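What follows is each chain in one-letter form.
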Amino acid sequence: MKQPECHPIYASTLWHFEEKLPEGAYEWALEYKKANTSVEYSNRGGYQSIQQSLDKFPYAMHVRNMLGQFTPFNEFMIGGWWLNVNEKGDYNLPHTHPGTDLAAVWYITDNKKLLYFEDPLIQNRSNLYAHIFSQFGETARKAIECAAGDLIVFPSDIPHSVEQHQLDTPRISVAFNMLVSINH
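Residues numbered from 1 in each chain as written. Predicted model: local features only at pLDDT ≥ 70, side-chain atom pairs only at ≥ 80, totals over all residues. Heavy atoms only, no water.

J.: Before we move on, could you go through the sheet that holds strand 6 (residues 102–107) and cite the residues and values that matter?
T.: The sheet built from six strands is open, its strands ordered 1-9-6-11-4-3 with antiparallel pairing. Bordering the open sheet on either side are strand 1 (15–17) and strand 3 (47–48), each of which pairs with just one other strand. Two elements, strand 3 and strand 4 (residues 76–86), share two bridges in a ladder whose sense is antiparallel. Residue pairing across strands places Q48 opposite N84, the latter belonging to strand 4. Across the sheet, helix 1 (residues 25–35) touches strand 3, strand 4, strand 6 and strand 11 (171–180), and the angle it forms with strand 4 is around 75°. (Pairing = 2+ DSSP bridges. Helix = DSSP H or I, 4+ residues; strand = E, 2+ residues; numbered from the N terminus. Contact = heavy atoms within 4.5 Å. Axes fitted to C-alpha atoms, helices over the stretch in contact; angles between N-to-C directions.)

Put into structure tokens, the structure is as follows:
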């Protein structure tokens, strides 16, 4: 008997932009961390700055140019940004970004495949993953690997986390929330 074809439905899209990191971004991040206080949201250990408006981000045009490579993103506005710096042993708990449409992460250092996404329907699909989806190589948790300079964008309601950082050098990223612009 012939095996049935498998077609994913209701899949979420993740956009991955690959660009070279601008000169000075790494140094800027470390200086910013020294000069600004930290807050605790999803981070355990590590540094997470308060959310700032885009006009206070020196690499805003660089990020906008990256996003502009995908025309539909021109209909989105960036609602704010914050810096994340994880030292050895630091991590981020699973979380989502309520009240926004898309989330984005711009990597200042390689992420070492520590960013994980989880199927938001896992509670309803655990048996399907155990008995069917796994036969097709599908897992409920997926890691994404990004290099310094890369930008990823994903629906903000997808649970995501960052595993414990294992290196002696910091893992640095800038996160953004994106909203559909009411002007379009």
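J.: Could you give an account of the nonpolar core, naming the residues involved and the relevant values?
T.: Generally speaking, a soluble globular protein has its nonpolar side chains buried in company with each other. In terms of nonpolar packing, the biggest core is built from 28 residues, with W28, F57, L83, W106 and F176 touching the most fellow members. Elements supplying a minimum of two residues to this core: helix 1, helix 2 (60–67), strand 4, strand 6, strand 9 (151–155) and strand 11. Apart from residues lying up to four places away in sequence, L83 is in contact with W28, A29, Y32, K33, Y47, Q48, S49, I172, S173 and V174. Grouped together as the second largest cluster of nonpolar side chains are twelve residues, L114, C146, I152 and V162 included. (Core = buried A, V, L, I, M, F, W, Y, C linked by side-chain atoms within 4.5 Å. Buried < 20%, exposed > 50% of the residue type's maximum accessible area, 1.4 Å probe, protein only.)

J.: Help me get a handle on the sheet that holds strand 10 (residues 160–162), residues and values and all.
T.: Strand order in the open sheet formed by five strands is 2-5-10-7-8, and the pairing between neighbours is antiparallel. For this open sheet the edge positions go to strand 2 (43–44) and strand 8 (141–144), each flanked by a neighbour on one side alone. Of the pairings in the sheet, the one linking strand 7 (residues 115–118) to strand 8 comprises four bridges and is antiparallel in character. Residue L115 lies in a different strand from strand 8, and its bridge partner there is I144.

J.: Can you tell me about the side chain of N43, naming the residues and giving the values?
T.: Structurally, N43 is set in strand 2. Given the relative accessible area of 3%, N43 is considered buried. In this structure the side chain of N43 is engaged in a polar contact, spanning 3.0 Å, whose partner is the backbone nitrogen of Y41. If we ignore the near neighbours within four places in the chain, the residues touching N43 are Q48, Y91 and N92. (Polar contact = N/O pair within 3.5 Å; in protein donor to acceptor, adjacent residues only side chain to side chain.)

J.: Please give an account of the side chain of N92 that cites residues and values.
T.: In this fold, N92 is placed in strand 5 (residues 91–95). Of note is the side chain of N92, whose polar atom sits 3.1 Å from the side chain of S42. At 3.1 Å, the side chain of N92 and the side chain of N86 are in polar contact. Look past the residues within four positions of N92 in its chain and what remains in contact with it is S42, N43, Q48, N86, S161 and V162.

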